[in-house]
Structure formats: C-alpha cells, structure tokens
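# A structural walkthrough
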Amino acid sequence: MISTSPFGKLDDGTPIECWTLQAGGVRADVLTYGGIVHRLAVPGRDGEVANVVLGMPDLDGYRAEPGPYFGAVIGRYANRIAGARFTLDGREYRLPANDGANCLHGGEHGFDRRVWTAEAAGDAAVTLRRTSPDGEEGFPGTVEVAVTYTVGGDGTLRIDYEATTDAPTVVSLTSHGYFNLDGEGGGSAEAHVLRLDAGHYTPNGPAGTPTGELAPVDGTPFDFRAPKPVGADIRAGHPQLLLGHGYDHNLVLDKGVTAEPVPVAELHSPASGRTMTVATTAPGLQLYTGNYFDGSFTGTSGRVYRATDGVALETQFFADSPNQPHFPSTVLRPGEVHRSATVYGFGVR
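This text gives an overview of the structure that appears in the document. (Residues numbered from 1 in each chain as written. Predicted model: local features only at pLDDT ≥ 70, side-chain atom pairs only at ≥ 80, totals over all residues. Heavy atoms only, no water.)

## Focus on the environment of V26
To keep things clear, this is the line we draw: A run of H or I in DSSP counts as a helix once it spans at least four residues, and a run of E counts as a strand once it spans at least two, with each numbered from the N terminus. Remark: exposure states derive from per-residue accessible area (1.4 Å probe, protein chains only) relative to the maximum for the residue type, with buried under 20%, exposed over 50%, and partly exposed in between. The contact definition used throughout considers only heavy atoms, calling two residues in contact when any of these lie within 4.5 Å.
By the secondary structure assignment, V26 is in strand β3 (residues 26-31). Relative accessible area serves as the criterion here: at 1%, V26 is assigned to the buried category. Linking V26 and P43, residues 17 residues apart in sequence, is a C-alpha distance of 7.7 Å. For V26, the contacting residues outside a window of four places in its chain are L21, L40, A41, V42, V151, G155, T156 and F346.

## So, the sheet that holds strand β2 (residues 15-23)
Worth spelling out the cut-off: Here, a strand pair is defined by DSSP locating no fewer than two bridges between the strands. Fitted lines through C-alpha atoms give the axes, limited to the stretch in contact for helices. The angle between two N-to-C directions lies from 0 to 180 degrees.
Read across the sheet, 5 strands follow the order β1-β2-β3-β4-β5 without closing on themselves; strand pairing throughout is antiparallel. The sheet is open, and its two borders are formed by β1 (2-9) and β5 (49-51), each paired with just one other strand. Averaged over all adjacent pairs, the angle separating strand axes in this sheet is 20°, with direction ignored. Of the strand pairs in this sheet, β3 and strand β4 (residues 37-43) are connected by 4 bridges, and their pairing is antiparallel. Paired with A28 across the bridge in β4 is L40.

## Overview of the side chain of R80
Keep this limit in mind: Counted as a polar contact is a pair of N or O atoms within 3.5 Å, where, for protein atoms, one must be capable of donating a hydrogen and the other of accepting one, and residues adjacent in sequence contribute only when both atoms are in side chains.
Within the element layout of this structure, R80 appears in strand β7 (residues 80-81). For R80, a relative accessible area of 13% translates into the label buried. Polar side-chain contacts of R80 include one of 2.8 Å to the side chain of D99. Sequence-distant contacts of R80, defined by excluding residues within four places in its chain, comprise D99, N102, C103, L104, G208, T209, D248, A319 and D320.

## Overview of unusual backbone geometry
G75 connects to R76 through a cis peptide bond whose omega is 0°. With respect to the helices and strands, the residue R76 is situated in the loop between β6 (73-74) and β7. At N79, a residue that is not glycine, the phi angle is positive and equals roughly 80°. Secondary-structure assignment places N79 in the loop between β6 and β7. Among the residues examined, N79 registers a relative accessible area of 3% and is labelled buried.

What follows is the structure, given as structure tokens:
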C-alpha cells in the first residue's frame, strides 16, 4: 500500500510530502525533505506496533540548526572528510568545515537539507530524485541521485542508492536512522543486544577522523562478533570511546564490497522482542550511540532524547576515503553508476 499526505511547507512555499509505504506488518513514512524516514512502525513480541526510529514531530524540527540528521539521506559524502579537503586527479577540492576542521555529512547543506522529487516505484515503494549541481558544497561534477525505499511483504525496508556524474567526483551515501526497538522515546537502548560481522575497525585521531589504521577488534569494546549489549563496554574507559564520548566509529565489515546485500548485523531488544537484521553491499558500518543527545531534542512521542536513546547503524564507505588511498574507493567517474543497497529486516523472538 502507498499513500501521500502533506508535511508542511518551506519558507518559500515549497510543499513537503510524506509518502507512506506499508506491507508485511511494516509501515514507513518517508519525507521529500531530506529523504527522511520519519516513522518506521513494526510489531513487537506482544503484537503491539511501535515506531522504532527517532525523529522530530514536524518540519521545523528537522530544519533546526544544528541537526542530528534524524533518518535522513546523507550525501554527497557520508561521515567526515579530514581537513574539509581532498585531491582528485591532481586537483584539490575544498569543502565546508562544519565539524571543527572537517567536512561532515556533505557539508553545511547536504542531501539531508534538500528537497527531493518523488514518484511511486511499486505497490509499496517510492523513488526520490535530485540533481546535485557541480560545485555544490565544494564537490565537483553534476551528480544525478536516486534513492528508492521499498517495504517488503517479508517485513523489510530496503533502501537502494544510485548516482551518476558528468565529471570525476566522490560519492558515499547512507541513511542516518537512529533505532530504538523498544519504541521511539522508550529510553536508553544500551540493553539492546548487537552482533556485527566485523573483525576490524578504523580508529580515529583527535579530530574524529580515521588515522588510516585498520585495527583488530580483539580485546576491545569494538568486538561485537559475539552478541553483547550495546552498553556492555561503553563506559570501559577505552581511549577511542573517550574520544567520541561513546561509539562513533566505522566497523570494517568482513565481507567487503558486494554486488548484492549480505547480512552483517543483528540488533535485538530483550524487552520488546523486536529484532532487526541488517544486510548491505557497503564495506563499512558506522556505529553511533547518539552521544551528544542532551535533552534539547523533543521527539515524535513528545519525549526528549538523551545519549544512547537510539543506535545508528549507518552502512557506508569509510570516513575520509578520498584521503586514504588504501580504503575502498569512493571515486565516481562519468559513464559509471554508483549503486549500493541496504535491507533492514524486522521480526520478533
């Protein structure tokens, strides 16, 4: 099932739509502002349906500065680019420094703050499109982007990303959803049990960007190869956790880059019984625990958000890949098509 409804207007009168996709017990509300997954409703162990993503109650909330990127499409480049600059084919490109000295999530006005056009792509699917012009936020090339959300009868939400360019550029796209399987506004998600197929991670330097090392997770709080609560080691005093005030790190997925989504993670709430699996084509997954939520955001439930009230599992290429030649490449050239996909599967146990 698919339907649309209004979700406010921008200052210039531009209308924003909410597209509702429903199948297999899953309902997703997707906005044409930022490509935001505004709500994602799934059943729990007792049959009760709850929204499991954090979000803002209205359009003004999503437009507020600074924003935490609730449920939005992130681009052109997800995560941080060190020094807000990179060199491609011998030419240096300078980007907005909106995270200290770094460029974060595509700059000051990334894809999360843009209006997308929308069209139905199936019984429970919508495709969002936009053209990112040459030089937008300092990135080269005119890039045509399409993001398709599909709710499946098997209890899944699939997100497909596609991009082309007319000049060499870099592209890394993701969805910045924060999940709480006890329901949005349900308090801390530290008791959620997480498993990740990742034997390495990329440690960060003092500025929050990767040092370039691919470090083993053995003996560190970043080892989720065996299921454990998200909060089990979050206060362990590890230098990397102190640096990020919690988890804000890229886990290197064992599978690498794949043509089709491969299962890499599972998040489970013992309280509600809800389980979410993650399958992706991407080589990395940024684990972020909402470390800077301080009660200044009031969510869709009317409750305020505190640190660890949601868990972000952002499937993406590695941070700062344009400046780290040994990381998987994010370069996109004319005639090529960037494609990636992530599938979130929901169940109970």
